[in-house]
Amino acid sequence: MAEVSAIGKKLKETFPEAVTGVKTFRGELTVSINKDYIGKVAEFLCNDDESDFDYLSDLCGVDKSRLDNSNAFEVVYHLYSLKHNHRVRLKVEIPASNPSIKTVTNVWKTADWHEREAYDMFGIIFEGHPNLERILTPEGFEGYPLRKDYPLKGRQPASLREVYRKGEG
Amino acid sequence: MTATTQQVMTINMGPQHPSTHGVLRLILELDGETVVKSTPHIGFLHRGIEKLAEHKTYHQVITLTDRLDYLAPMSNNLGYALAVEKLLDIEAPKRSQYIRIILCELTRISSHLLWLATHALDIGAMTVFFYCFRERETLNDIFEMVAGARMNLSYVRIGGVARDLPDGFVEKAREFVNVFPGRLREYETLLTKNKIWLMRTKDVGVISAEDAINYGLSGPSIRGSGVKWDIRKSEPYSSYNEMDFIVPVGKNGDVYDRYLVRIEEMRQSNEIVRQAVDTLPKGEFIADIPDVALPQKENLKKSMESLIHHFKIVTDGICPPVGEVYVCVEAPKGELGYYVVSDGTKNPYRIKIRPPSFVNLEGLQKMIEGHLLADVVAVIGSLDIVLGEIDR
């Protein structure tokens, strides 16, 4: 685990303009990445021998609006390397007004459903995703339930309920 | 195949289909009996657990985690408790760590038993079903003895477990541990060299190691492809490093290898339980940190301070420092991860659950392409999915 901080350093050297922050909390390394570079950074981390992050554990969205009033979303990637047994967390901030980011499905195929879920829950658009559709909520669902402005008891329009009643769709 | 015009037929499988193990719906495109393409539709069981969790206190979320993989509630509880403990920077006492191991491994056995029962039933081997449920009954009795519930245990607490092991538990666990290897052999005589079983499972649903990694499979599903990766070994938590066990791996990555891996895992889990019971340390079952860990229930009757702390924690909740952690455990199905973001208030700001079944199911499309329709059921069974954690 000593090499964890080395990954942050190396990333910063390779992509000086991409890395906007490196933080360690409870022994977990978090690297903030500029949105435009996520594709390159992902490819680099997956293929580089020293980091070799061949396994994408998790990908998810976070609505930051109530955390620091920033009116932004975050896409969080949890990477793992089977060979070196180390982990890193990548964070990319994207504006809530235009929540779009490049897909990483070309690097890790597993990102497919994770990205669909982030789209479903937060409305984050993953550019270049092969099939960006809602995954957990039904077709015709309105709103993005995990955004902080979506109420806990959010109601769906009557038209959607009607679809359920009739058993269509 | 002769040069007849290819006619692709689309059929719907599920969500009310007994061998989709829940409410999974598959749209299958068939050419004759060969699967050309499959599209899983999920979400029928979506209850918005992640949204709900944002409106609960940290302790209340424990009961929600039971409802993820309802066949292995202990692993879910444990993963979540470990995440919050890491956020708080506290550690559970040794005894509670061992209790957690014992119960986690028993749930692993129980979960694998249900998998074996239903998986065999799907493929047509009915006898195994009854045997597996016999052993599950014993396990459920043990769970009931410890937690008071047979399914949704909610036994883990932040900083330890809810109460100490009851009298007679150790004897009962030992009895099970001694009987179980024989029972496992019994199941194996029914399946492992059974010609029909071999024909239905060998070279079916093959996935290579590289693909398995790229598709993010975990648990027995990736070990069946020969990837030796078990979080209990690679990133040991809760004193797993003090246990002696091996990680079984397959070779071909087919349904049969995943079957063998799980069978061997049950044997190893059984040995872990034996070791943990034999070396169970004495001491507290929950950490004595009044601000965050619930005081022992017994003390409420005699200590004013405990009563006050209990009241404070239950009504006010706890406020971990601002920060974020990702903790994963080796659940029976694979890597179960919790990403918890705290904003310093009593409600978690965001909890993302990384369910192993969700990701494993993603690999299904790859595995059944080009296989026969009848094999689809075998492959779904071999992934051991639980829709409760897929849909959350």
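Look a little higher up for the structure.
So, how was this worked out
- Residues numbered from 1 in each chain as written.
- Chains lettered and ligands numbered in written order.
- Predicted model: local features only at pLDDT ≥ 70, side-chain atom pairs only at ≥ 80, totals over all residues.
- Contact = placed C-beta atoms within 7 Å.
- Helix = DSSP H or I, 4+ residues; strand = E, 2+ residues; numbered from the N terminus.
- Pairing = 2+ DSSP bridges.
- Axes fitted to C-alpha atoms, helices over the stretch in contact; angles between N-to-C directions.
- Core = buried A, V, L, I, M, F, W, Y, C linked by C-beta atoms within 7 Å.
- Buried ≥ 20, exposed ≤ 12 C-beta atoms within 10 Å, placed from the backbone.
- Expected span 1.5 Å × (residues − 1).
- Parallel < 35°, antiparallel > 145°, perpendicular 65-115°, else oblique.
- Nonpolar A, V, L, I, M, F, W, Y, C, P; charged D, E, K, R; others polar.
- Left-handed = near helix turned anticlockwise from the far one by under 90°.

Q: It is not clear to me how the interface of chain A and chain B should be interpreted in this structure. Could you clarify?
A: Interfaces are often sized by the amount of accessible area the parts lose when they come together. At the junction of the two partners, chain A supplies 28 residues and chain B supplies 34 residues. Elements that contribute at least two residues to the side of chain A that touches chain B include exactly β3 (55-63), β4 (72-81) and α4 (111-122) of chain A.

Q: Please explain the sheet that holds strand β7 (residues 334-342) of chain B as it appears in this structure.
A: Sheets are built from strands that pair by backbone hydrogen bonding, the pairs being arranged parallel or antiparallel. All names here are of chain B. Across the sheet, which stays open at both edges, the three strands sit in the order β6-β7-β8 with antiparallel pairing between neighbours. If you trace the sheet from one side to the other, it starts and ends with β6 (323-331) and β8 (350-354), each paired once. The sheet shows a mean angle of 10 degrees between the axes of neighbouring strands, direction not considered. In this sheet, β8 lies alongside β7 in antiparallel orientation, the contact comprising five bridges. Note on β8: the bridge partner recorded for Gly337 is Arg354. Against the sheet, helix α3 (residues 73-88) makes contact with β6 and β7, and its axis sits at roughly 150 degrees relative to β6, the strand it touches most.

Q: What is the right way to read the nonpolar core from this model?
A: Within soluble globular proteins, side chains that are nonpolar tend to cluster in buried spots. Judged by nonpolar contacts, the single largest core of 163 residues is most densely connected at Val75 of chain A together with Ala83, Val84, Ile102, Tyr155, Val340 and Val379 of chain B. In terms of residue count, the dominant contributor to this core is helix α4 (residues 94-123) of chain B (15 residues). Residues within four places of Tyr155 of chain B in sequence aside, it is in contact with Met74, Asn77, Leu103, Val146, Ala147, Val161 and Ala162 of chain B.

Q: For this particular structure, what's the right way to read the environment of Tyr80 of chain A?
A: All names here are of chain A. Positionally, Tyr80 belongs in strand β4. Classification of Tyr80 as buried rests on a count of 26 C-beta atoms within 10 Å. Not counting residues within four places of it along the chain, the set of residues in contact with Tyr80 comprises Phe53, Tyr55, Ser57 and Arg87.

Q: Please clarify how helix α11 (residues 255-278) of chain B should be interpreted in this entry.
A: Because an α-helix completes one turn every 3.6 residues, residues spaced three or four positions apart along the sequence face the same direction. When the terminal C-alpha atoms of α11 of chain B are compared, their 35 Å separation across 24 residues agrees well with the 34 Å that a helix rising 1.5 Å per residue should span. Of all the 24 residues making up α11 of chain B, 18 are buried; the element is thus mostly covered by neighbouring parts of the structure.

Q: How should I be thinking about the sheet that holds strand β2 (residues 25-31) of chain B in this particular structure?
A: Residues and elements named next belong to chain B. Taken in spatial order, the three strands of this open sheet run β1-β2-β3, and their pairing is antiparallel. The open sheet has two free edges, formed respectively by β1 (8-13) and β3 (34-41), since each of these has just one partner strand. Strand-to-strand twist across the sheet, computed as the mean angle between neighbouring axes with direction ignored, equals 20 degrees. Sheet topology note: the β2/β3 ladder contains seven bridges and is antiparallel. Residue pairing for β3: Leu30 is matched across the bridge by Val35.

Q: Help me out: how do you make sense of the packing of α4 of chain B against helix α15 (residues 373-383) of chain B in this one?
A: Working note: a packed helix pair is described by the angle between its axes plus the distance between those axes. Residues and elements named next belong to chain B. Look at α4 against α15: their axes get within 9 Å of each other, and the N-to-C directions meet at 175 degrees. When the interaxial angle is binned, α4 and α15 end up roughly antiparallel. Between α4 and α15, the residues in contact are Thr118, His119, Asp122 and Ile123 and Val377, Ala378, Gly381 and Ser382, respectively. Its residues placed into classes, the contact of α4 with α15 shows three nonpolar, four polar and one charged.

Q: Just checking my understanding: could you explain the environment of Gln365 of chain B for this structure?
A: All names here are of chain B. Considering the arrangement of structural elements, one finds Gln365 in helix α14 (residues 364-368). Overall, Gln365 belongs to the partly exposed group, with 16 C-beta atoms counted inside 10 Å. For the pair formed by Gln365 and Lys37, sequence separation is 328 residues and the distance between their alpha carbons is 7.2 Å.

Q: How do you make sense of the environment of Glu175 of chain B when you look at a structure like this?
A: Mapped onto the elements of the fold, Glu175 of chain B is located in helix α6 (residues 169-191). What makes Glu175 of chain B exposed here is the crowd of 12 C-beta atoms within 10 Å.

Q: Sorry, what's going on with the packing of α4 of chain B against α11 of chain B here?
A: Residue and element names in this part refer to chain B. Between α4 and α11, whose axes approach to 9 Å, the crossing angle comes to 155 degrees. One way to sum up the angle between α4 and α11 is to call them roughly antiparallel. Pair α4 / α11 crosses with left-handed handedness. Contact residues: α4 offers Tyr98, Ile101, Ile102, Glu105, Leu106, Arg108, Ile109, His112 and Trp115, while α11 offers Arg262, Glu265, Met266, Ser269, Asn270, Ile272, Val273, Ala276 and Val277.

Everything listed here is a matter of geometry and, on its own, says nothing about what the molecule does.
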